[in-house]
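Working through the structure, step by step
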Amino acid sequence: MEDKNKILVTSPLLPSLNELQSYLERIWEDKWLTNNGKYHQELEKALCEYLKVPYISLFTNGTLPLIVALQAMRITGEVITTPYSFVATTHALWWNGIKPVFVDIDLATGNMDPQKIEAAITPKTTAIMPVHVYGNPCDTEAIQSIADKYGLKVIYDAAHAFGVEQNGKSILEAGDISTLSFHATKTYNTIEGGALICHDAKTKERIDYLKNFGFAGETTVIAPGINGKMDELRAAYGLLNLKQVDNAIEARKRVALAYRAGLKNTKGISFFEDVPNVKSNYSYFPIFIDAKEYGITRDELYFRLKEEKILGRRYFYPLISEFSTYKELPSSTRNNLLNAHKMADNVICLPMHQGLTDEDVLRIIQIIN
Ligand SMILES: Cc1ncc(COP(=O)(O)O)c(C=O)c1O
């Protein structure tokens, strides 16, 4: 039985069962389950409109688009990236035989600090792979000007940035290519799912070949592609969730505003504010604990909340550079990543989803205060 007092860090946005049932009946009638089906095509079109982007390719999750983006752009050698993310970002490089080079982050956003990039470039560098962490936009202009100067590609892991806009433009327009995750825990979900966003028809065509084993027609295989195709059931589920994602983001915004109001005078607790000209998706609500000022450490607060059945998450701790695969890399030293360590050591992502009630949020604030 579900424990009513328990508050999870997230809760999936679910479509109406009746409406889903009606889609399922049509899929059963058509007997077309995957391979660029009708609902797959409909969802690509609907997402292009919603996200204000010209080209999107749907995937089965948010990790394969990262792996395929690197293949599509023919990235090799070394790629400059951030250690302050979910492991999939760096794993995608590793799966492509690419050496990750970590640079430190900017504490104001949690994102890669553009000022640290140039010093990390070597003759083997071919790309920069930043993350819009928590949906906070990277400094895309600064990153692009470095990329242009050195002839590098830019691949954004925008897994957290569904619907995020800056100055009225989608953040997905930045760089050469961006990836999204539609995992159940995300602001918009297709249970498992993801996408690649690119800026021209030729690149989309190449991506679509790569996500279908490399097939370009019945008998031609142009590259060692993979199977990353989204099926019709998830596409239908995605069409339904798209109708309610704006309401979900509104509800999340109310939660964020309530947290900010309730915690603004709490000594030793800080959080991100809304950024002017940025349309946020309120995907996470990270708080940062200054143990000296607050009186107890991040972990003490984390476990205290857990005792009260409030299950925040220490996203993103440990840093990716601390995992055994990456720990021995020259760029993984603590001294190279001081800001990233500071953020990782002090963060808790508080529960954040469209289903949280005012009482839930008040209870969480009261415990923290
Ligand atoms: C920053 C980031 N990149 C990539 C992924 C991978 O996405 P998925 O879980 O859909 O494979 C996630 C997922 O949670 C993520 O947070």
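Scroll up a little and you will see the structure.
A brief structural summary. (Residues numbered from 1 in each chain as written. Predicted model: local features only at pLDDT ≥ 70, side-chain atom pairs only at ≥ 80, totals over all residues. Heavy atoms only, no water.)

1. Describing the pattern of salt bridges
For the coordinates displayed, the defined rule picks out 18 salt bridges. Across the pair Glu44 and Lys211 runs a salt bridge whose closest N-O atoms are separated by 3.8 Å. Of the two residues, Glu44 is situated in helix 2 (residues 38-51) and Lys211 in the loop between helix 6 (201-210) and helix 7 (232-263); the sequence distance between them amounts to 167 residues. Take Glu44 and Lys211: they sit in the same class, and that class is buried. The partner of Arg260 in a salt bridge is Asp274, with the nearest N and O atoms 3.2 Å apart. Taken together, the residues Arg260 in helix 7 and Asp274 in the loop between strand 11 (269-271) and strand 12 (278-279) connect sequence positions 14 residues apart. Overall, the relative accessible area of 12% leaves Arg260 in the buried class. A single salt-bridge network, built from bridges that share partners, covers Glu44, Lys204, Asp208 and Lys211. (Salt bridge = Lys/Arg side-chain N within 4 Å of Asp/Glu carboxyl O. Helix = DSSP H or I, 4+ residues; strand = E, 2+ residues; numbered from the N terminus. Buried < 20%, exposed > 50% of the residue type's maximum accessible area, 1.4 Å probe, protein only.)

2. Thoughts on the site of the ligand
Neighbouring the ligand are 15 residues; Gly62, Thr63, Asp157, Ser181 and Lys186 lie closest to it. Thr63 places a polar side-chain atom, nitrogen or oxygen, 2.6 Å from an oxygen atom of the ligand. With respect to the ligand, the side chain of Asp157 contributes an N or O atom lying 2.7 Å from a nitrogen atom. Relative to its unbound accessible area of 390 Å², the ligand is 91% covered by the protein chains. Grouping the constituent residues of the shell around the ligand by class yields four nonpolar, nine polar and two charged. (Near = heavy atom within 4 Å. Polar contact = N/O pair within 3.5 Å; in protein donor to acceptor, adjacent residues only side chain to side chain. Areas by Shrake-Rupley, 256 points an atom, 1.4 Å probe, with all protein chains shown as cover. Nonpolar A, V, L, I, M, F, W, Y, C, P; charged D, E, K, R; others polar.)

3. Overview of the pairing of strand 6 (residues 153-157)
The buried count for strand 6 comes to four of five residues, which makes it a mostly enclosed element. In this sheet, strand 6 lies alongside strand 5 (residues 125-129) in parallel orientation, the contact comprising two bridges. Its bridge partner lying in strand 6, Ile128 is registered against Val154. Running through helix 5 (residues 140-150), the crossover from strand 5 to the neighbouring parallel element strand 6 is right-handed. Examined bridge by bridge, strand 6 and strand 9 (residues 177-181) share three bridges and lie parallel to one another. Bridge pairing in strand 9 links Tyr156 to Ser178. (Pairing = 2+ DSSP bridges. Right-handed = clockwise from strand over helix to strand, strands pointing away.)

4. A closer look at unusual backbone geometry
Cis rather than trans, the peptide bond between Tyr315 and Phe316 has omega equal to 5 degrees. By the element assignment, Phe316 lies in the loop between strand 14 (310-311) and helix 10 (338-346). With an omega dihedral of -10 degrees, the bond running from Tyr317 to Pro318 counts as a cis peptide bond. Structurally, Pro318 is set in the loop between strand 14 and helix 10.

5. A look at the packing of helix 3 (residues 64-72) against helix 6
Packing of helix 3 against helix 6 leaves a shortest axis separation of 10 Å and a crossing angle of 125 degrees. Here helix 6 runs oblique to helix 3, going by the angle between their axes. Handedness of the helix 3/helix 6 crossing: right-handed. For the pair helix 3 and helix 6, contact is made by Val68, Gln71 and Ala72 and by Arg206, Ile207 and Leu210, respectively. Partitioning the contact of helix 3 with helix 6 into residue classes produces four nonpolar, one polar and one charged. (Axes fitted to C-alpha atoms, helices over the stretch in contact; angles between N-to-C directions. Parallel < 35°, antiparallel > 145°, perpendicular 65-115°, else oblique. Left-handed = near helix turned anticlockwise from the far one by under 90°. Contact = heavy atoms within 4.5 Å.)

Any functional reading would require information beyond the geometric quantities listed.
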